[in-house]
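# Fold and contact review
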Amino acid sequence: MTAEDREVAGPSPNPATNLLIHDILLRSGGRVLRLGLEKGLLRNRYGKSTAREIVENRSMVQTLASYAVARVATRSVPGAIVVGGGILAKALLDRRQSRRAAKREGDRKLREKARQE
């Protein structure tokens, strides 16, 4: 049996259509999972409605910046090292502040996002 004789996995006999369908399903599922996780992480501290507002009121710039950084991190080992180093530096910077001041600053920023409508 040659490659030409094999059945195409998916609802369509066209492999390009099946690839498109799978891509859309994977991206949609990933987005739903990501948004659910983000809301879940914020829900314990801010409540359900405030967590939803925080996640939904992100600007396009913030969304694109997150996408770009994730893309750089997943494209290559040096990219992952740079992004990981940046995240580590930010975490260490936050730890240098007093714990109370860091919490206040984070709360203030997230509550401002929740109020933006």
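Remember, it's a predicted structure, so these values are computed and weren't measured experimentally. (Residues numbered from 1 in each chain as written. Predicted model: local features only at pLDDT ≥ 70, side-chain atom pairs only at ≥ 80, totals over all residues. Heavy atoms only, no water.)

### Some thoughts on the overall build of the protein chain
If you tally the helices and strands in the protein chain, you get five helices and zero strands. Mapped from its N terminus to its C terminus, the protein chain presents α and β elements in the order α-α-α-α-α. Taken over C-alpha atoms, the radius of gyration comes to 20 Å for the protein chain, far larger than the 13 Å a tight globule of 117 residues would show. Overall, the C-alpha framework of the protein chain stretches about 70 × 35 × 25 Å when taken along its three principal axes. Out of the 117 residues belonging to the protein chain, those deemed buried represent 12%. Counted over contacts in the protein chain with a minimum sequence separation of 6, partners at least 24 positions apart contribute 38%. Accessible surface, the protein chain: about 9700 Å² in total, of which carbon and sulfur atoms supply 61%. Put simply, the protein chain has 24 plus and 12 minus side-chain charges, and the middle of one group is 12 Å from the middle of the other. (Helix = DSSP H or I, 4+ residues; strand = E, 2+ residues; numbered from the N terminus. Rg over C-alpha atoms; globule rule 2.2 N^0.38 Å. Buried < 20%, exposed > 50% of the residue type's maximum accessible area, 1.4 Å probe, protein only. Contact = heavy atoms within 4.5 Å. Areas by Shrake-Rupley, 256 points an atom, 1.4 Å probe, with all protein chains shown as cover. Lys, Arg positive; Asp, Glu negative; His and termini not counted. Charge placed at Lys NZ, Arg CZ, Asp CG, Glu CD.)

### Quick word on helix α2 (residues 48–56)
Within the sequence span of α2, burial applies to T50, A51, I54 and V55. Projected onto a plane normal to the axis of α2, the buried residues spread over an arc of 135° and lie on a single side. Here the buried face of α2 lies against α1 (15–46) and α5 (99–115). (Arc of directions from axis to C-beta.)

### Topic: the side chain of S12
Of note, S12 is situated in the segment before α1. On the accessibility criterion, S12 (15% relative accessible area) is buried. Those residues within four positions of S12 in sequence are excluded, and the remaining contacts are T17 and N18.

### Brief notes about the nonpolar core
Counting seven residues, the largest nonpolar core consists of L35, L42, Y46, A51, I54, V55 and A114. Mapped onto this core, the elements with two or more residues apiece are α1 and α2. Not counting residues up to four positions away in its chain, the partners in contact with V55 are L35, E38, K39 and L42. (Core = buried A, V, L, I, M, F, W, Y, C linked by side-chain atoms within 4.5 Å.)

### Quick notes on the environment of V55
Counting through the fold element by element, V55 comes out in helix α2. Note on V55: relative accessible area 8%, which makes it buried. Sequence separation of V55 and A114 is 59 residues, and the distance between their C-alpha atoms is 7.9 Å.

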